[in-house]
Amino acid sequence: MKIYTLIEDSKPKGSAFIAEHGLCLYFEYKGLRILFDTGSSDAFVYNATLLGIDLVKVDICIISHAHDDHTGGLAHFLKINKDAKVFLKSAARGDFYVRNVTKLQYAGMDQSLFEKYPDRFFFLDEDTEIADGLFAASVNKHRRLPLYSSLMYEKRGDVLIRDDLSQELNIVIHRKEGVAVLTGCSHNGLLNILMTAEEKHGPVWAVVGGFHLSGTRRMGLQTFQEPGSEVQAIIRYINDKRIRKVYSGHCTGEKVLERLELMARVKRMQAGDVFDI
């Protein structure tokens with residue numbers, strides 16, 4: 001199964017593709033054309049054209065969570081594609097904020113889309129088999145949450161509370177080699193995601209997505225870094241479980257990604273990349 005990277009934070013030097021802070025993936029599964037997240041803008045449309053992907057023919061769009069670097073292109077997709085179902089968690093309709101260096105910044109999706117396209121959205125509250133062997137999956141908490149989750153908030157009425165992460169989902173795909181997991185930002189913690197996938201679906205074969213293990217002021221966020229022990233636990237888990245294919249980028253963090261590349265055979269994703277899982 002080929003994964004097409006329509007949006008990533010970086011691109012190969014000299015590439016014609018557009019890179020932006022965000023994530024958008026495309027793949028085909030059992031005759032279905034599937035879009036996973038939409039990046040921050042309409043840039044994924046341009047990149048899809050370069051890759052020969054006709055977004056009009058997409059059957060399903062799955063949204064990992066409501067943050068605007070994953071849903072910013074959704075309005076453009078809904079204009080282009082008149083039929084695709086959009087799956088997301090019910091909780092993703094909330095008002096979400098992220099704390100940057102000086103203030104809280106709105107980070108949720110365009111709420112007007114729910115009123116403008118009421119028949120296109122399908123809201124999930126539980127793990128759901130969207131297609132044969134393809135699941136929208138939630139996460140059980142086996143370990144502590146990543147540090148970044150402490151910067152995430154939801155506004156309910158006039159009250160600002162910590163985001164409980166119920167807005168988040170991952171994709172789990174049953175393959176003959178094992179389970180493939182696609183994740184947007186891993187705010188629930190990569191190890192929590194992988195452990196849950198294994199206990200519910202079986203051994204994990206492949207992992208694709210952002211891991212959110214560090215951040216810098218350059219990103220407009222408070223500086224944070226997951227402890228080295230947590231990164232080492234991830235490396236050990238990938239190696240011990242013999243997860244054969246791991247592709248990451250977006251929010252993983254440059255220095256952490258270099259360490260994962262060296263010690264766990266993790267491969268870097270960039271805009272325009274096409275790879276098999």
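Everything here concerns the structure above.
Residues numbered from 1 in each chain as written. Predicted model: local features only at pLDDT ≥ 70, side-chain atom pairs only at ≥ 80, totals over all residues. Heavy atoms only, no water.

S.K.: Can you help me understand the pattern of salt bridges in this one?
M.R.: Close approach of charged atoms lets side chains of opposite charge pair. By the definition in use, this model includes ten salt bridges. Across the pair Arg-156 and Asp-164 runs a salt bridge, and its minimum N-O distance is 3.6 Å. On the basis of relative accessibility, which here comes to 44%, the residue Arg-156 falls in the partly exposed class. Under the relative-accessibility criterion, Asp-164 is labelled partly exposed at 42%. We note a salt bridge from Arg-268 to Glu-261, for which the minimum N-O separation is 3.0 Å. Residue classification places Arg-268 among the partly exposed positions, given a relative accessible area of 25%. Exposure remark for Glu-261: the relative accessible area of 30% places this residue in the partly exposed category. (Salt bridge = Lys/Arg side-chain N within 4 Å of Asp/Glu carboxyl O. Buried < 20%, exposed > 50% of the residue type's maximum accessible area, 1.4 Å probe, protein only.)

S.K.: Sorry, what's going on with unusual backbone geometry here?
M.R.: It is generally the case that most residues other than glycine have a negative phi and that most peptide bonds are trans. The backbone of Leu-165 sits at a positive phi, close to 70°, despite the residue not being glycine. Topologically, Leu-165 is positioned in the loop between strand E12 (159–162) and strand E13 (170–175). In this structure, His-212 takes a positive phi of about 45° despite not being glycine. In this structure, His-212 sits in the loop between strand E15 (204–210) and strand E16 (214–215). Overall, His-212 belongs to the buried group, its relative accessible area being 4%. (Helix = DSSP H or I, 4+ residues; strand = E, 2+ residues; numbered from the N terminus.)

S.K.: Any chance you could explain the packing of helix H5 (residues 190–201) against helix H6 (residues 228–240) here in plain terms?
M.R.: Packed helix pairs are specified by the crossing angle of their axes together with the interaxial distance, meaning the distance between the axes. Interaxial distance between H5 and H6 falls to 10 Å at its minimum, and their mutual angle equals 30°. Relative to H6, the element H5 is oriented roughly parallel. Here H5 and H6 pass one another in a crossing that is left-handed. Residues Leu-190, Leu-191, Leu-194, Met-195 and Glu-198 of H5 form the contact with H6, whose own contacting residues are Glu-230, Ala-233, Ile-234 and Tyr-237. Grouping the constituent residues of the contact of H5 with H6 by class yields seven nonpolar, no polar and two charged. (Axes fitted to C-alpha atoms, helices over the stretch in contact; angles between N-to-C directions. Parallel < 35°, antiparallel > 145°, perpendicular 65-115°, else oblique. Left-handed = near helix turned anticlockwise from the far one by under 90°. Contact = heavy atoms within 4.5 Å. Nonpolar A, V, L, I, M, F, W, Y, C, P; charged D, E, K, R; others polar.)

S.K.: Looking at this model, I keep getting lost on the nonpolar core. Mind explaining?
M.R.: When a protein is soluble and globular, its nonpolar side chains tend to lie buried together. Formed by 28 residues in total, the largest nonpolar core has its most connected members in Val-207, Ile-243 and Leu-260. Only strand E10 (134–137), strand E14 (178–183), H5, E15, H6 and helix H7 (254–264) provide two or more residues apiece to this core. Of the residues forming this core, the biggest block, six residues, is contributed by H6. Look past the residues within four positions of Leu-260 in its chain and what remains in contact with it is Phe-211, Leu-213, Val-231, Ile-234, Ile-235, Thr-252, Arg-265 and Val-266. (Core = buried A, V, L, I, M, F, W, Y, C linked by side-chain atoms within 4.5 Å.)

S.K.: I tried to follow the sheet that holds E12 on my own but got confused; where do I start?
M.R.: Two orientations exist for strands paired in a sheet by backbone hydrogen bonds: parallel and antiparallel. Strand order across the open sheet formed by four strands is E7-E6-E11-E12, with antiparallel pairing between neighbours. Of all the strands in the sheet, the pair left with one neighbour each is strand E7 (104–106) and E12. The average undirected angle you get between the axes of adjacent strands in this sheet is 35°. As paired elements, strand E11 (residues 152–156) and E12 share four bridges and run antiparallel to each other. Of the residues in E12, the one forming a bridge with Glu-154 is Ile-161. (Pairing = 2+ DSSP bridges.)

S.K.: What should I look at first to understand H5 in this one?
M.R.: Structurally, the α-helix is built with 3.6 residues per turn, so residues lying three or four positions apart point the same way. In this model, H5 (twelve residues) spans 16 Å end to end at C-alpha, consistent with the 16 Å of a helix rising 1.5 Å per residue. Considered for burial, the residues of H5 that qualify are Leu-190, Leu-191, Asn-192, Ile-193, Leu-194, Thr-196, Ala-197 and His-201. Elements that come into contact with the buried residues of H5 comprise E10, E13, E14, E15 and H6. One or two residues past the end of H5 sits Gly-202, with phi positive at roughly 115°. (Expected span 1.5 Å × (residues − 1).)

S.K.: Could you clarify how one ought to interpret the state of the cysteines in this entry?
M.R.: In a disulfide, the sulfur atoms of two cysteines are held together by a covalent bond. For the structure shown, the criterion picks out zero disulfides. Of all cysteine sulfurs, the one in Cys-251 lies closest to Cys-185, which takes part in no disulfide; the gap is 3.6 Å. The buried category is assigned to Cys-185, whose relative accessible area is 3%. (Disulfide = S-S within 2.5 Å.)

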